[in-house]
Amino acid sequence: MEETISLQEIFQVLKKRAAMIIALSLIATLTVGIISFYFITPMYQASSQILVNKSESENSVYSSNEVATNVQLINTYNVIIKSPTVLQAVIRELNLDLTVEQLNEKITVSNADDSQVMNIVVMDESIRKAANIANKTAQVFKEKIGDIMNVNNVTILSKAEVKGNEAPVSPNKLLNIAIALVVGCMAGVGLAFLLEYLDNTFKTEKDIEMHLELPILGVIPTFERLK
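The following refers to the structure shown. (Residues numbered from 1 in each chain as written. Predicted model: local features only at pLDDT ≥ 70, side-chain atom pairs only at ≥ 80, totals over all residues. Heavy atoms only, no water.)

## A closer look at the overall build of the protein
Next up, step 1: A tally of helices and strands in the protein yields nine helices and four strands.
Next up, step 2: Each of the 227 residues in the protein was classed as buried or not, and the buried ones make up 27%.
Next up, step 3: Sequence separation of 24 or more characterises 75% of the internal contacts of the protein that already satisfy a separation of 6 or more.
Next up, step 4: Accessible area of the protein: about 15,900 Å², with a carbon and sulfur share of 57%. (Helix = DSSP H or I, 4+ residues; strand = E, 2+ residues; numbered from the N terminus. Buried < 20%, exposed > 50% of the residue type's maximum accessible area, 1.4 Å probe, protein only. Contact = heavy atoms within 4.5 Å. Areas by Shrake-Rupley, 256 points an atom, 1.4 Å probe, with all protein chains shown as cover.)

## Details of the environment of Ile216
Next up, step 1: In this fold, Ile216 is placed in the segment after α9 (205-212).
Next up, step 2: When its relative accessible area of 30% is taken as the criterion, Ile216 is described as partly exposed.
Next up, step 3: Taking C-alpha positions, Ile216 is 8.8 Å from Lys206, a pair spaced ten residues apart along the chain.

## A closer look at helix α4 (residues 74-81)
Next up, step 1: Among the residues making up α4, those that are buried are Ile74, Tyr77, Asn78, Ile80 and Ile81. Down the axis, α4 shows its buried residues gathered within 165 degrees of arc, on one side only. For α4, the exposed residues set more than 90 degrees away from the buried face come down to Asn75 and Val79. (Arc of directions from axis to C-beta.)

## Structural notes on the sheet that holds strand β1 (residues 44-52)
Next up, step 1: Taken in spatial order, the four strands of this open sheet run β2-β3-β1-β4, and their pairing is antiparallel. For this open sheet the edge positions go to β2 (107-110) and β4 (154-158), each flanked by a neighbour on one side alone. Ignoring strand direction, the axes of neighbouring strands in this sheet form an average angle of 25 degrees.
Next up, step 2: Pairing of β1 with β4, which is carried by four bridges, proceeds in the antiparallel orientation. Within the sheet, the bridge partner assigned to Leu51 lies in β4 and is Thr155.
Next up, step 3: Running at roughly 20 degrees to β1, helix α7 (residues 127-149) makes contact with β1, β2, β3 (117-124) and β4 of the sheet. (Pairing = 2+ DSSP bridges. Axes fitted to C-alpha atoms, helices over the stretch in contact; angles between N-to-C directions.)

## Some details on a nonpolar patch on the surface
Next up, step 1: Judged by side-chain polarity, Ile22, Leu26, Leu30, Ile34, Ile35, Phe37, Tyr38, Phe39 and Ile40 come together as a nonpolar surface patch covering roughly 980 Å² of accessible area.
Next up, step 2: The class of Ile35 is partly exposed, set by a relative accessible area of 38%. (Patch = residues over 30% accessible without salt bridge, like charges linked within 9 Å, V, L, I, M, F, W, Y side chains within 5 Å. Salt bridge = Lys/Arg side-chain N within 4 Å of Asp/Glu carboxyl O.)

## A few points about the packing of helix α2 (residues 18-39) against helix α8 (residues 173-198)
Next up, step 1: One can describe the packing of α2 onto α8 by two numbers: an axis separation of 7 Å at closest approach and a directional angle of 150 degrees. One way to sum up the angle between α2 and α8 is to call them roughly antiparallel. Handedness of the crossing formed by α2 with α8: right-handed. (Parallel < 35°, antiparallel > 145°, perpendicular 65-115°, else oblique. Left-handed = near helix turned anticlockwise from the far one by under 90°.)

## Topic: the pairing of β1
Next up, step 1: In β1, alternate side chains face the same way, and those of Tyr44, Ala46, Ser48, Ile50 and Val52 are buried while those of Gln45, Ser47, Gln49 and Leu51 on the opposite face are not.
Next up, step 2: Here eight bridges tie β1 to β3, and the two strands are oriented antiparallel to one another. Looking at the pairing, Ser48 lines up with Ile120 of β3.

## Focus: unusual backbone geometry
Next up, step 1: A cis geometry characterises the amide bond from Ser170 onward to Pro171, with omega recorded as -5 degrees.
Next up, step 2: Positionally, Pro171 belongs in the loop between β4 and α8.

## Digging into the nonpolar core
Next up, step 1: Counting 33 residues, the largest nonpolar core has Ile50, Leu103, Ile107, Met118 and Phe141 as the members making the most contacts within it.
Next up, step 2: Elements that contribute at least two residues to this core include exactly β1, α4, α5 (84-94), α6 (100-106), β2, β3 and α7.
Next up, step 3: Take this core: its biggest share by element is nine residues, from α7.
Next up, step 4: In this view, Met118 contacts Ser48, Gln49, Ile50, Val52, Ile74, Tyr77, Asn78, Ile81, Val109, Ser110 and Asn111; residues no more than four positions away in its chain are not counted. (Core = buried A, V, L, I, M, F, W, Y, C linked by side-chain atoms within 4.5 Å.)

Below you can see the structure in the form of structure tokens.
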């Protein structure tokens, strides 16, 4: 016969294993909270913006074809910004104790919606250092792009600034704790039903009727032992 589980039985299992579920949730939350607050190094983010544009004289007309050409060059510029030619100059001018590969991992270059504006985003343990790297990368790229591609179409729109009240972008402590709480609770519920499934002992008369499909003829009462 196919067994069905009622909503009441589900709540009974959860009530029976409530202590274990709460304990697992608290352990997971505390563990992730301690790791997030004391063991993960906070990372800060700074960004600068550059505009890829075509140098034009005052009397020239700016056509849509020129815009499309500049947008197509964005992907090329993304590679050049993170190239050893640019990054080695940044390391040298800022006197960074980093290799080109390590600096490359800190820098992300992107442009939104195929625009001509490029964002140079830098993540580092120090917000001031991240801002310096972002600004210097934009400056070095602007200086070297003329020699690399024989063009002069880069303008720095905005520089990274340090205001002093910046919050780290990672780790997101509250989000980590919330996720740990949910995962711990789910793990506790799953373990509760697993233990209930593996428990094949009969504890009540109802268990006998349900699993063996036998009627209960009588119950032997228990007596306290006299001292």
